[in-house]
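Now for the letters of each chain:
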Amino acid sequence: KSSKNVPNTTYSSARKAQYDIYYDMFKTHPVIHAAVNKKAAVAVSGGWNFNGSTTDVEPQEQHVNFLNEFMRRSNARQLMRLTYMDLDIYGESFWLIIRGSNEARTPIKAMRLDPRYMNEVVSAGGILSEWKYGPVSTDQNSIPYRLDEIIHYKLEDPADPIRGLSPLHSLQQAVAQDLFAMEYNKN
């Protein structure tokens with residue numbers, strides 16, 4: 001087994017378990033569920049605009065048409081809503097960029113990948129070299145992706161330069177107490 005590019009299976013298993021807790025918090029706590037959904041809906045309600053490289057440069061019409069077609073194929077409103085939800089739940093979101101079979105490998109569309117199943121592969125020097133997608137990163141069924149195939153959005157974590165930090169992390173104990181109290185009161 002090569003040691004130069006190996007996924008950190010211990011950390012990815014711990015992250016997967018933590019992400020399952022965050023998702024459970026989202027599913028079961030009414031305030032968190034409502035807040036995450038409302039924030040995502042408001043964030044995409046205005047649509048989007050394409051801008052030039054600087055404020056005084058207008059984007060070319062052919063580029064705008066290409067981007068509009070890319071967004072249409074990507075079901076962009078849903079993709080953007082899921083991206084905002086992922087950021088609020090997990091602290092990061094991943095897009096897989098699907099490319100054409102032409103020589104230029106032109107991007108055709110983007111699709112969301114569930115952050116719970118994304119595992120980074122880091123070289124011996126601590127440099128991100130690829131992503132693996134699958135329930136178990138060392139499993140032969142996991143799918144490797146090159147860095148140019150993935151767009152990674154994240155909320156910064158000062159302790160981890162590669163992965164994001166969930167805003168729910170600081171709420172975990174308070175939500176657990178709240179859920180326990182709701183269950184106790186119901187009984």
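Preceding block: the structure.
Every value quoted in this text rests on a predicted model; they were computed, and no experiment measured them.

Some words on helix α2 (residues 30-45)
Along its 16 residues, α2 runs 22 Å from first to last C-alpha, staying within 8% of the 22 Å computed at 1.5 Å per residue. Along α2, the residues classified as buried are Ile32, Val36, Ala40 and Val44. Take α2 and look down its axis: the buried residues cluster within an arc of 75°, on one side only. Exposed side of α2, more than 90 degrees from the buried face: Val31, Lys38, Val42 and Ser45 are the residues found there. Following α2 by one or two positions, Gly47 has its phi on the positive side, about 75°.

Digging into helix α4 (residues 76-90)
Compared with an ideal rise of 1.5 Å per residue, which puts 15 residues at 21 Å, α4 spans 20 Å between its outermost C-alpha atoms and is within 8% of the ideal. Three or more residues of α4 are buried, namely Ala76, Leu79, Thr83, Met85, Asp86, Leu87, Asp88, Ile89 and Tyr90. At the C-terminal side of α4, Gly91 shows a positive phi close to 85°.

The rules we used
- Numbers given for residues are sequential positions, taken from 1 along each chain in its written order.
- Where totals are concerned, whole chains, interfaces and linings use all residues; where local detail is concerned, this predicted model gives features only for residues with pLDDT of at least 70, and gives and counts side-chain atom pairs only at 80 or more.
- Note: side-chain values were computed over all heavy atoms of the structure, leaving out hydrogens and water.
- Numbering of helices and strands starts at the N terminus; helices are DSSP runs of H or I of at least 4 residues and strands are runs of E of at least 2.
- The length a helix should cover is 1.5 Å for every residue beyond the first.
- Relative accessibility thresholds used throughout: buried, under 20% of the residue-type maximum; exposed, over 50%; partly exposed, between the two (1.4 Å probe, protein chains only).
- An arc is given here, and it is the one of the directions from the helix axis to the C-beta atoms.

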